[in-house]
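What follows is each chain in one-letter form.
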Amino acid sequence: MLENFMKNKILVTGGAGYIGTHTCIALHEAGYDFVVYDNLFNSSREAINRVSTLIGQTIEFIEGDIRDAESLKQVFAAHHFFGVIHFAGLKAVGESVAKPLMYYNNNVSGTITLLEMMSEYDVKNFVFSSSATVYGNPESLPIDESSKRSCTNPYGQSKLAVEHILEDLAVSDDSWNLIALRYFNPVGAHPSGQIGEDPNDIPNNLMPYISQVAVDKLEKLSIFGNDYSTVDGTGVRDFIHVTDLAQGHVAAFDYLEKQTRLNESGTTQQYSVGFLPINLGTGKGTSVLELVSAFSDVSGQAIPYQFTDRRAGDIASCYASVDKAKMLLGWQAELSITDMCQDTWRWQSMYPNGYDVS
Ligand code: NAD
Ligand code: WQD
């Protein structure tokens with residue numbers, strides 16, 4: 001963060017969740033102030049308590065829903081925010097197919113309510129949790145930000161719908177600065193082992209599934225397909241450590257802060273960020289079997305697996321072009337697959353039941 005600048009305050013919606021908690025720590029370390037707003041639908045007070053302990057100060061936490069305009073109003077009236085990081089949302093692809101209205105209501109209507117409140121209080125800096133899912137089945141690799149977007153499930157559609165809303169908003173009024181960070185596959189946990197991903201049920205995603213097999217909570221991993229045209233026939237993804245991802249959010253706010261300062265200095269032409277999509281990934285692909293093998297090496301545990309049919313909707317390979325993040329934000333991922341496995345293993349073995357310590 002730039003020196004001699006007043007400590008800016010950020011509203012973090014969904015800040016009690018997996019990526020939100022890690023980002024709160026990164027914001028604190030970078031000198032930002034923040035308020036967490038979360039309805040705890042997919043998280044817990046325990047997560048907030050752990051973050052408070054890790055940063056050595058009590059977090060300002062408000063239990064509330066982004067669809068509740070009155071509750072949001074009180075929050076905006078009580079604070080002077082520089083901007084908003086918007087993590088709050090539902091994220092399970094399969095559930096979104098079964099409950100599309102719930103997903104559109106939460107992810108799209110909720111975001112509109114939030115943006116309306118920001119507009120009312122003239123808070124125009126916004127960082128949105130988008131996803132590589134907006135690229136659907138990519139035409140070429142690595143995927144850059146100008147690639148065609150298409151989604152096949154309601155979760156992905158809800159992310160794409162919000163991106164379209166942000167694009168229209170930027171066209172309508174150039175005082176908005178709207179960054180959509182398109183995350184690839186976030187994994188890993190805080191190196192302290194105190195916070196990490198805590199799926200409610202049987203995990204849908206690969207890394208938490210592997211780690212639950214490693215602690216014997218689950219018997220064996222099903223690998224969905226070994227006949228893709230990839231290095232070993234299994235799916236290839238761009239896994240990114242959650243603490244690297246968290247730093248990407250700090251870099252996005254540092255960027256917005258810098259633009260604001262340039263504009264306020266009066267020495268440059270007014271600059272509007274508009275709608276700015278940026279990939280957050282490592283740029284490297286890792287196969288399912290490679291991840292299983294790396295996790296087994298790090299943990300010293302066997303990870304039994306069986307090959308099953310491909311999962312509906314899955315693609316063969318997906319990894320990011322990371323040039324834009326590096327060029328604009330000066331950010332790049334630093335941590336390796338080994339780091340991702342080590343930190344996941346530490347969290348999973350210290351807290352096999354996640355935040356449920358009863
Ligand atoms: P998460 O479920 O751990 O965190 C989301 C948080 O939002 C939770 O704490 C939940 O309680 C809260 N929330 C949900 N609906 C809310 C509402 N209506 N009002 C207030 N709070 C609400 O998920 P995460 O993995 O931390 O993901 C954060 C964001 O990043 C989500 O928007 C997700 O779609 C997006 N994303 C996640 C991934 C991933 O693989 N984890 C990948 C790409 C994008
Ligand atoms: C990775 C690879 C699976 C589980 C999802 C969402 C995406 C984004 C990130 C939010 C694939 C294989 C998985 C298992 C397996 N989330 N796999 N056995 O599908 O790339 O992306 O999370 O935005 O929108 O779709 O991640 O971890 O589910 O799968 O073989 O039990 O692991 O087939 O090749 P995915 P994933």
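Residues numbered from 1 in each chain as written. Chains lettered and ligands numbered in written order. Predicted model: local features only at pLDDT ≥ 70, side-chain atom pairs only at ≥ 80, totals over all residues. Heavy atoms only, no water.

(A) How the structure looks around the overall build of the chain. Within the chain, the secondary structure is distributed over 11 helices and 13 strands. Against the globule reference of 21 Å for 358 residues, the chain gives a C-alpha radius of gyration of 20 Å, in line with a compact fold. Along the first, second and third principal axes, the C-alpha set of the chain runs to 60 × 45 × 40 Å. With 358 residues in all, the chain has 53% of them scored as buried. For the chain, the share of sequence-separated contacts (at least 6 apart) that also reach a separation of at least 24 residues comes to 80%. When the accessible surface of the chain is summed, it comes to about 15800 Å², and 47% of that surface belongs to carbon and sulfur atoms. Placing the 24 positive and 43 negative side-chain charges of the chain at their respective mean positions leaves the two points 1 Å apart. (Helix = DSSP H or I, 4+ residues; strand = E, 2+ residues; numbered from the N terminus. Rg over C-alpha atoms; globule rule 2.2 N^0.38 Å. Buried < 20%, exposed > 50% of the residue type's maximum accessible area, 1.4 Å probe, protein only. Contact = heavy atoms within 4.5 Å. Areas by Shrake-Rupley, 256 points an atom, 1.4 Å probe, with all protein chains shown as cover. Lys, Arg positive; Asp, Glu negative; His and termini not counted. Charge placed at Lys NZ, Arg CZ, Asp CG, Glu CD.)

(B) Examining the packing of helix α7 (residues 206–214) against helix α9 (residues 288–299) more closely. Two elements in contact, α7 and α9, have axes separated by 11 Å at closest approach and are oriented at 40°. Here the hand of the crossing between α7 and α9 comes out right-handed. In this structure, α7 contributes Leu206, Met207, Ile210, Ser211 and Ala214 to the contact, and α9 contributes Val288, Leu291, Val292 and Phe295. Looking at side-chain class alone, the contact of α7 with α9 contains 8 nonpolar, 1 polar and no charged residues. (Axes fitted to C-alpha atoms, helices over the stretch in contact; angles between N-to-C directions. Left-handed = near helix turned anticlockwise from the far one by under 90°. Nonpolar A, V, L, I, M, F, W, Y, C, P; charged D, E, K, R; others polar.)

(C) Inspection of the site of ligand 1 at higher detail. In the vicinity of ligand 1, 27 residues are found, and the nearest of them are Asp38, Asn42, Ser43, Lys91 and Tyr155. A distance of 3.1 Å separates a nitrogen atom of ligand 1 from a polar side-chain atom of Asp65. Here Tyr155 contributes a side-chain N or O atom positioned 2.7 Å from an oxygen atom of ligand 1. In isolation ligand 1 exposes 820 Å². Once the protein is present, 95% of that is buried. Contributing elements (two or more residues each) for the shell around ligand 1: α1 (18–29), β5 (125–131) and α6 (154–172). For the shell around ligand 1, the element with the most residues is β5, which contributes 3 residues. Broken down by class, the residue content of the shell around ligand 1 amounts to 11 nonpolar, 11 polar and 5 charged. (Near = heavy atom within 4 Å. Polar contact = N/O pair within 3.5 Å; in protein donor to acceptor, adjacent residues only side chain to side chain.)

(D) Highlighting unusual backbone geometry. Pro142 follows Leu141 through a cis peptide bond whose omega is -10°. Residue placement: Pro142 occurs in the loop between β5 and α6. A positive phi angle is found at Asp122, which is not glycine, with a value near 55°. Mapped onto the secondary structure, Asp122 falls in the loop between α5 (100–120) and β5.

(E) Looking closely at the site of ligand 2. Every one of the 18 residues lining ligand 2 counts as a neighbour, but Ser131, Tyr155, Ser222, Arg237 and Asp314 are closest to it. For ligand 2, an oxygen atom lies 2.8 Å from a polar atom in the backbone of Leu206. Here Phe224 contributes a backbone N or O atom positioned 2.9 Å from an oxygen atom of ligand 2. For ligand 2, the protein covers 87% of the area, taking 680 Å² as the surface of the free molecule. Contributions of two or more residues to the shell around ligand 2 are made by α7 and β8 (221–224). Broken down by element, the shell around ligand 2 gets its largest block of residues, 4 residues, from β8. Of the residues belonging to the shell around ligand 2, the class tally is 8 nonpolar, 7 polar and 3 charged.

(F) Inspection of the pattern of salt bridges at higher detail. Tallying each qualifying case throughout the model produces 14 salt bridges. Among the salt bridges present, the one from Glu46 reaches Arg50, with a minimum N-O distance of 2.8 Å. Separated by 4 residues within a single helix, Glu46 and Arg50 lie in helix α2 (residues 45–55), roughly one turn from each other. Given a relative accessible area of 7%, Arg50 falls into the buried group. Across the salt bridge formed by Arg311 and Asp314, the nearest N and O atoms sit 3.2 Å from each other. Accessibility expressed as a relative area gives 25% for Asp314, which makes it partly exposed. Three or more residues are tied together by salt bridges with common partners; here these are Arg149, Glu163, Glu167 and Arg182. (Salt bridge = Lys/Arg side-chain N within 4 Å of Asp/Glu carboxyl O.)

(G) Inspection of the side chain of Asn107 at higher detail. Within the secondary structure layout, Asn107 lies in helix α5. Within polar-contact distance, the side chain of Asn107 engages the side chain of Ser158 at 3.1 Å. With near-sequence residues (within four places) excluded, Asn107 lies in contact with Gly89, Leu90, Tyr155, Ser158 and Val162.

(H) Examining α9 more closely. Here α9 is 12 residues long and its end C-alpha atoms lie 16 Å apart, about the 16 Å a rise of 1.5 Å per residue gives. Regarding α9, the residues found buried are Val288, Leu291, Val292, Ala294, Phe295 and Ser299. One face of α9 carries all of its buried residues, which in axial projection span an arc of 165°. Looking at the buried positions of α9, the neighbouring elements they touch are α7, β8, β10 (239–241), β12 (286–287), β13 (305–308) and α11 (337–350). (Expected span 1.5 Å × (residues − 1). Arc of directions from axis to C-beta.)

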